[in-house]
Amino acid sequence: MNSPIMIACAHGTSSSQGAAEVNALRAAIAGLRPGLDVREAYVDVQQPDLVDVVAGLPQGEPAVVVPLLLSVGYHVKVDIARAVKSRPGSAAAAPLGPDPRLAQLLDQRLREAGTTDNDVIVLAAAGSSNPNAAVSVEELLGQLRELRSNRMVAAYGASAQPSVPDAVAMLREELDGGAGAGESAGAVDVGGRVVIASYLLAPGFFHDQLGKAGADIITEPLLPSRVLAEIALDRYDAAVEKAREAVAHAPAETAAQAPQETPPGPAANAQEGGLFKALRRFVTKYFPR
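Residues numbered from 1 in each chain as written. Predicted model: local features only at pLDDT ≥ 70, side-chain atom pairs only at ≥ 80, totals over all residues. Heavy atoms only, no water.

**Q** Just to check I follow, could you spell out the nonpolar core for this structure?
**A** In summary, soluble globular proteins display a tendency toward joint burial of nonpolar side chains. The biggest cluster of nonpolar side chains holds 46 residues, and the ones touching the most others in it are Leu-68, Tyr-199 and Leu-228. Examining the composition of this core, we find that eight residues originate from one element, helix α8 (residues 226–257), more than from any other. Residues within four places of Leu-228 in sequence aside, it is in contact with Leu-25, Leu-96, Leu-102, Leu-105, Leu-201, Leu-222 and Leu-223. If you look at the next biggest cluster of nonpolar residues, it comprises 16 residues, including Val-53, Leu-57, Ala-63 and Leu-69. (Core = buried A, V, L, I, M, F, W, Y, C linked by side-chain atoms within 4.5 Å. Buried < 20%, exposed > 50% of the residue type's maximum accessible area, 1.4 Å probe, protein only. Helix = DSSP H or I, 4+ residues; strand = E, 2+ residues; numbered from the N terminus. Contact = heavy atoms within 4.5 Å.)

**Q** How should I be thinking about the pairing of strand β7 (residues 194–198) in this particular structure?
**A** The side chains of a regular strand alternate, residue by residue, between the two faces of the sheet. With five of its five residues buried, β7 lies for the most part within the structure. Neither face of β7 is exposed, since Val-194, Ile-196 and Ser-198 on one face and Val-195 and Ala-197 on the opposite face are all buried. Here strand β5 (residues 120–125) runs beside β7; their pairing, made up of five bridges, is parallel. By the bridge assignment, Leu-123 is partnered in β7 with Ala-197. Here β7 pairs with strand β8 (residues 217–218) via two bridges, running parallel. What sits directly across from Val-195, in β8, is Ile-217. (Pairing = 2+ DSSP bridges.)

**Q** Mind showing me how you'd approach the pairing of β5 here?
**A** For β5, the tally of buried residues reaches six of six residues, placing the bulk of the element in the interior. Covered by surrounding structure in β5 are Val-120, Val-122 and Ala-124 together with Ile-121, Leu-123 and Ala-125, the residues of both alternating faces. Summarising the sheet, β5 and strand β6 (residues 151–156) pair through six bridges and their orientation is parallel. Pairing of Ala-125 across the sheet is with Tyr-156, part of β6. Read as a crossover between parallel neighbours, the route from β5 over helix α5 (residues 131–145) to β6 is right-handed. (Right-handed = clockwise from strand over helix to strand, strands pointing away.)

**Q** So what exactly am I meant to see when it comes to the packing of aromatic side chains here?
**A** Inspection of the entire model under this criterion finds one aromatic pair. Their ring planes at 70° and their centres at 5.5 Å tell us that Phe-205 and Phe-206 sit as a pair that is edge-to-face. Since its relative accessible area comes to 29%, Phe-206 is described here as partly exposed. (Phe/Tyr/Trp six-rings, centres within 6.5 Å; stacked < 30°, edge-to-face > 60°.)

This is the structure:
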């Protein structure tokens, strides 16, 4: 049976290297799941636009939009949600982060950059006006703290506080003053460096801005990495299963919510039964176990 189409939706970038990395991610997803129809879409900067991709899907074919984004934010809650709502038979998966595997990948990037236990770390995310995005980044920061003993803070490129330059300046001041710089300094050792851990998918505008923040070291973005393709497929599978279970439980939930005073007539029962049979056929065909 055919699986639902995966629309691998990225933010979009004017960086040719960043665009190539994201395209390689889509290719890796397809390589890990032969036969899966993986389609390209963006919410900003690049084409094809997600709305156009969803509108152009084959009639009757279900699809799952997988955000190639690292946290919940405006694009997930508004752009992707609207696109999915516009077309019956489509669903939205969760973004790639937070995930313990991303924390492990960040730890790998920090080690590749030569980060030591004496260094202090700014976890630099893109930022969003949606407060849930900061919650996701803080959760990821907690996962990274389980792997490293460094002093670490989260910061953002836009729309949230603290900004990356402010966080770098704060940690620089702590290093200059040692442990006596304040209670927040904790056990920071004098002589360490300020390291920015780039919690960004690929090169682009936000990663370029990190070079202006005044840190000693900046890690490479998360891509390229097979881990991102594996997480994307996990998000896709979870969305497919959720859609299947939602339809499977719909009859029981509807019956429980229906008024009990007047028993439904034969015509109503037949109509309702036909609807749920149609839904079951849809799920069996497009969202198989």
